[in-house]
Amino acid sequence: MDTGFNFTKRALESIEKPKSRVTYRDVGSSKSVQGLVLDALVSGTKIFRFQRKVNGKNIKVKLGEFPTMTVEQAREMARNTAADIANGINPNQQKREARESQTFDDLFDIYVASFQLDIKAKKRRASSLKLSQTLYRLHLKPKLGKKAINDFDAEKARTFMQGIFTKDGYSKHNHSLTLLKSMFNRAYIDSNPFAKISKIDESLFRRERTLSKEELVQFFDSLRQEKQIYQDCISMLLLTGQRKSMVLSMRWQELNLDSRLWVIPISKTKSKKPHSVPLPNEAMKILIRRSNEAELNQEFVFPSARSKNGHITDKSGKGGFWQRVTNRIGMYAPNDPEKHLTIHDLRRTLATFQVTSGGSIQATSKLLGHSNIGITNDVYAHLSDDSVRETLENTVTYMLGDSLQSKLERIKQEIDTLPFEAKQELTSFLERSVDSEIITA
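Draft legend 1. Here's a closer look at the packing of helix α8 (residues 213–223) against helix α12 (residues 321–328). In the contact formed by α8 and α12, the axes pass within 8 Å of each other and the chain directions differ by 130°. In terms of axis orientation, α8 runs oblique to α12. In the crossing of α8 with α12, the sense of the turn from one axis to the other is right-handed. Only Trp-322, Arg-324, Val-325 and Arg-328 of α12 make contact with α8, whose side of the interface consists of Phe-219, Ser-222 and Leu-223. Its residues placed into classes, the contact of α8 with α12 shows 4 nonpolar, 1 polar and 2 charged.

Draft legend 2. Region of the structure containing the sheet that holds strand β6 (residues 255–256). Taken in spatial order, the 3 strands make up an open sheet running β6-β7-β8, and their pairing is antiparallel. Both edges of this open sheet fall to β6 and β8 (275–278), since each of them pairs with a single strand only. Here β6 runs beside strand β7 (residues 261–264); their pairing, made up of 2 bridges, is antiparallel. Counted as the bridge partner of Leu-255 is Trp-262 from β7.

Draft legend 3. Expanded view of helix α9 (residues 228–240). Taking 1.5 Å of rise per residue, 13 residues should cover 18 Å, and α9 covers 18 Å from first to last C-alpha, within 8% of that figure. Among the 13 residues in α9, 11 count as buried, and that is most of the element. Listed in full, the buried residues belonging to α9 are Ile-229, Tyr-230, Gln-231, Asp-232, Cys-233, Ile-234, Ser-235, Met-236, Leu-237, Leu-238 and Thr-240. Residue Gly-241 follows α9 closely and has a positive phi angle near 75°.

Draft legend 4. Structural view of the sheet that holds strand β5 (residues 57–66). With respect to topology, 5 strands assemble into an open sheet ordered β1-β2-β3-β4-β5, the strand pairing being mixed. Where the open sheet ends on each side, the last strands, each with one partner, are β1 (4–5) and β5. Taken together, the 5 bridges between strand β3 (residues 36–40) and strand β4 (residues 46–54) define a ladder with antiparallel strand orientation. Bridge assignment links Leu-38 to a residue of β4, and that residue is Phe-48. The sheet contacts of helix α2 (residues 71–86) involve β2 (22–26), β3, β4 and β5, and relative to β4 the element is tilted by about 20°.

Definitions and cut-offs
- Residues numbered from 1 in each chain as written.
- Predicted model: local features only at pLDDT ≥ 70, side-chain atom pairs only at ≥ 80, totals over all residues.
- Heavy atoms only, no water.
- Axes fitted to C-alpha atoms, helices over the stretch in contact; angles between N-to-C directions.
- Helix = DSSP H or I, 4+ residues; strand = E, 2+ residues; numbered from the N terminus.
- Parallel < 35°, antiparallel > 145°, perpendicular 65-115°, else oblique.
- Left-handed = near helix turned anticlockwise from the far one by under 90°.
- Contact = heavy atoms within 4.5 Å.
- Nonpolar A, V, L, I, M, F, W, Y, C, P; charged D, E, K, R; others polar.
- Pairing = 2+ DSSP bridges.
- Expected span 1.5 Å × (residues − 1).
- Buried < 20%, exposed > 50% of the residue type's maximum accessible area, 1.4 Å probe, protein only.

Here you go:
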């Protein structure tokens, strides 16, 4: 099969994922460069290379990946590489020598430059790069920054990642690992010491903290002691189930109060597509009141004159409004995961109540904005099973009648599970009800 043709963007985009590696040659045009090839890999990756035989040996130089590298850029690099080889310079040897002195800081600079190109191409978000820069600056640079990557082998990589896991937990471990692997990949370095290290299984450490109905009463009692803007913001977190950053930065232009809909733009979402959130009645009450009280041309629903970005910021730390609300009711306990309540637990609370009240996993996944229903299913499927089981129990009891259990017996069992205060309230209700029936009779 002749694999030679004129390289154009459209022609390269039309190449389908092969079953085995295929190498294509750039020929047939006055702009074609002899020796420029494109390797199409089974993974779907397409790599530009320059190849030439020198003194009986085949030299193959990696130039970059398509479409990040354009055809024009690949041809220019191929011409430069041909000139280097003609002058007795082996580009691969140069790369090896450069790699020997290259540090992790150098690697991260390449990562940032490459990421910025993706941002311009609208493939990635600027906020994602900012998170990577913060992660590198705080957790990777202090220990790795000046180290030469050539001296950093797989054993050192495993030891380093184990240290992050021990000190900072599984989440920081996984985010750091993803960044480090990407740094090597974007620099086109084949020998990646982190390549065979796997992420920690998050399901083994996943938080399951949610608010019970009784705790919700305590929570709202404490919340009412805060300023109205904090009451409204935290209520919206619970009522919509959306992420903290999305709610705090909610803009009026994202809301359609007539349609009772909040459309979160691509710039905020992880799924890289707009996310529509239906607004329940209680959320609408808050938004309508805030709209009526908002200043003219106010951009944010929860504005702040003291904040650089114009809206209230994350106050989950010491001294913030979240710490005050949870501390009053004994739910601020960073060293006790079972007691400690985080802002993200509000999102989990809403999802849990939705599933246990009979809502589907599909509807919950759409509400949470998960890109894959499997993410939702991993966390909440067992709750859905409990709901189905309860419905099945009621069906079986109804079908078989009194041979299993009387309705009164079921009510007694349910009452036994109530807290003391609830039993007192129920007793008072029953006494009033009985007195009323006696008077009526």
